[in-house]
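Now for the letters of each chain:
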Amino acid sequence: DAKTTQPPSMDCAEGRAANLPCNHSTISGNEYVYWYRQIHSQGPQYIIHGLKNNETNEMASLIITEDRKSSTLILPHATLRDTAVYYCIVHSGYALNFGKGTSLLVTP
Amino acid sequence: GAVVSQHPSWVICKSGTSVKIECRSLDFQATTMFWYRQFPKQSLMLMATSNEGSKATYEQGVEKDKFLINHASLTLSTLTVTSAHPEDSSFYICSARESGRGETQYFGPGTRLLVL
């Protein structure tokens with residue numbers, strides 16, 4: 001699976017949109033971009049995934065660039081409960097390879 | 001939907017004893033389940049992949065005789081830490097992938113093991 005690069009930490013004010021970037025310049029054609037998050041002392045939670053089209057669900061939106069070398073996870077209205085470590089994972093099957101992720105802190 | 005449970009949520013045991021952790025997919029069938037381990041301030045590390053009805057595949061450096069994995073049904077996988085030692089203290093997390101429904105994995109809440 002291709003490697004991803006994420007900023008180690010980000011802050012966001014409550015109620016504002018949180019935009020979390022991810023670089024995956026070595027992604028191959030059959031690899032999906034997955035996002036998970038892990039709230040402290042809990043198991044990871046699936047958020048969203050996509051191949052090349054933008055995706056939206058009740059939790060977030062995923063924007064993938066046309067060349068697929070980077071993506072952005074958007075939490076449209078961040079709340080304090082969105083404080084967590086967010087993992088961007090490029091995946092074509094088998095197990096997930098968790099990097100260090102981005103620690104998002106949502107502040108009042 | 002796609003709920004995975006783990007039991008127990010935490011366990012404290014004495015050095016040398018064995019501990020069994022259960023992972024269940026509650027509302028779907030999982031041909032494949034995965035076991036991860038997470039030490040403090042570190043990311044998740046894959047330990048093994050468990051396929052229903054067959055032997056688990058262990059990652060390099062994970063002792064298969066120490067971490068026994070059984071996947072006897074499409075909804076249950078167990079991890080037994082045999083002869084536990086303090087260095088085995090960690091957060092153990094399982095995930096399950098729904099049969100025939102793509103590659104998305106759903107994670108359990110984790111089991112915190114403390115070996116004294």
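This write-up is about the structure you can find in this document. (Residues numbered from 1 in each chain as written. Chains lettered and ligands numbered in written order. Predicted model: local features only at pLDDT ≥ 70, side-chain atom pairs only at ≥ 80, totals over all residues. Heavy atoms only, no water.)

## Some remarks on the overall build of chain A
Reasoning step 1: When its secondary structure is counted, chain A shows zero helices and nine strands.
Reasoning step 2: For chain A, the sequential pattern of α-helices and β-strands runs β-β-β-β-β-β-β-β-β.
Reasoning step 3: Radius of gyration (C-alpha) of chain A: 13 Å, near the 13 Å computed for a compact globule of 108 residues.
Reasoning step 4: A burial count over chain A gives 44% of its 108 residues as buried. (Helix = DSSP H or I, 4+ residues; strand = E, 2+ residues; numbered from the N terminus. Rg over C-alpha atoms; globule rule 2.2 N^0.38 Å. Buried < 20%, exposed > 50% of the residue type's maximum accessible area, 1.4 Å probe, protein only.)

## Remarks on the overall build of chain B
Reasoning step 1: When helices and strands are counted, chain B shows zero helices and eleven strands.
Reasoning step 2: Ordered by position in the sequence, the α and β elements of chain B form the string β-β-β-β-β-β-β-β-β-β-β.
Reasoning step 3: Across chain B, every contact between residues at least 6 apart in sequence was considered, and the portion connecting residues at least 24 apart equals 55%.
Reasoning step 4: A total accessible area of about 5,800 Å² is found for chain B, and carbon and sulfur atoms account for 52% of it.
Reasoning step 5: Separation of charge centres in chain B, based on 11 positive and 10 negative side chains, amounts to 4 Å. (Contact = heavy atoms within 4.5 Å. Areas by Shrake-Rupley, 256 points an atom, 1.4 Å probe, with all protein chains shown as cover. Lys, Arg positive; Asp, Glu negative; His and termini not counted. Charge placed at Lys NZ, Arg CZ, Asp CG, Glu CD.)

## Side note on the side chain of His 71 of chain B
Residue and element names in this part refer to chain B.
Reasoning step 1: Mapped onto the elements, His 71 comes out in strand E7 (residues 67–73).
Reasoning step 2: The buried category is assigned to His 71, whose relative accessible area is 4%.
Reasoning step 3: At 2.7 Å, the side chain of His 71 and the side chain of Ser 50 are in polar contact.
Reasoning step 4: When near neighbours in sequence (up to four residues on either side) are disregarded, His 71 contacts Ala 30, Thr 31, Thr 32, Met 33, Ser 50, Asn 51, Glu 52, Gly 53, Leu 76 and Ser 77. (Polar contact = N/O pair within 3.5 Å; in protein donor to acceptor, adjacent residues only side chain to side chain.)

## Topic: the sheet that holds strand E4 (residues 45–50) of chain A
Residue and element names in this part refer to chain A.
Reasoning step 1: In space, the five strands of this open sheet follow the order E1-E9-E8-E3-E4, with mixed pairing throughout. Every interior strand has two partners, whereas the edge strands, strand E1 (9–13) and E4, have only one. The sheet shows a mean angle of 25° between the axes of neighbouring strands, direction not considered.
Reasoning step 2: The pairing of strand E3 (residues 32–38) with strand E8 (residues 84–91) spans seven bridges and is classified as antiparallel. Residue pairing across strands places Tyr 36 opposite Tyr 87, the latter belonging to E8. (Pairing = 2+ DSSP bridges. Axes fitted to C-alpha atoms, helices over the stretch in contact; angles between N-to-C directions.)

## Looking at the environment of Ser 99 of chain B
Residue and element names in this part refer to chain B.
Reasoning step 1: Summarising the element assignment, Ser 99 is placed in the loop between strand E9 (90–98) and strand E10 (105–107).
Reasoning step 2: Between the C-alpha atom of Ser 99 and that of Gln 29, which follows or precedes it by 70 residues, the distance is 6.0 Å.
Reasoning step 3: Discounting chain neighbours no more than four positions away, the residues touching Ser 99 are Gln 29, Ala 30 and Thr 31.

## Concerning a nonpolar patch on the surface
Residue and element names in this part refer to chain B.
Reasoning step 1: Where nonpolar side chains cluster on the molecular surface, the patch consists of Trp 10, Ile 12, Leu 114 and Leu 116 and spans about 450 Å² of accessible area.
Reasoning step 2: Turning to its location among the elements, Trp 10 is positioned in strand E2 (residues 10–13).
Reasoning step 3: What makes Trp 10 exposed here is its relative accessible area of 57%. (Patch = residues over 30% accessible without salt bridge, like charges linked within 9 Å, V, L, I, M, F, W, Y side chains within 5 Å. Salt bridge = Lys/Arg side-chain N within 4 Å of Asp/Glu carboxyl O.)

## Overview of the pattern of salt bridges
Residues and elements named next belong to chain B.
Reasoning step 1: Under the counting rule described, the total for this entry stands at four salt bridges over all chains.
Reasoning step 2: For Asp 88, the salt bridge identified is with Lys 66, shortest N-O distance 2.9 Å. Here Asp 88 is found in the loop between strand E8 (76–81) and E9, whereas its partner Lys 66 is found in the loop between strand E6 (57–58) and E7, with 22 residues between them in sequence. Lys 66 shares its class with Asp 88; the two are buried.
Reasoning step 3: Residue Glu 103 pairs with Arg 97 through a salt bridge whose shortest N-O separation is 2.9 Å.
Reasoning step 4: Residue Arg 97 is classed as buried on the basis of its relative accessible area, which comes to 15%.

Any functional reading would require information beyond the geometric quantities listed.
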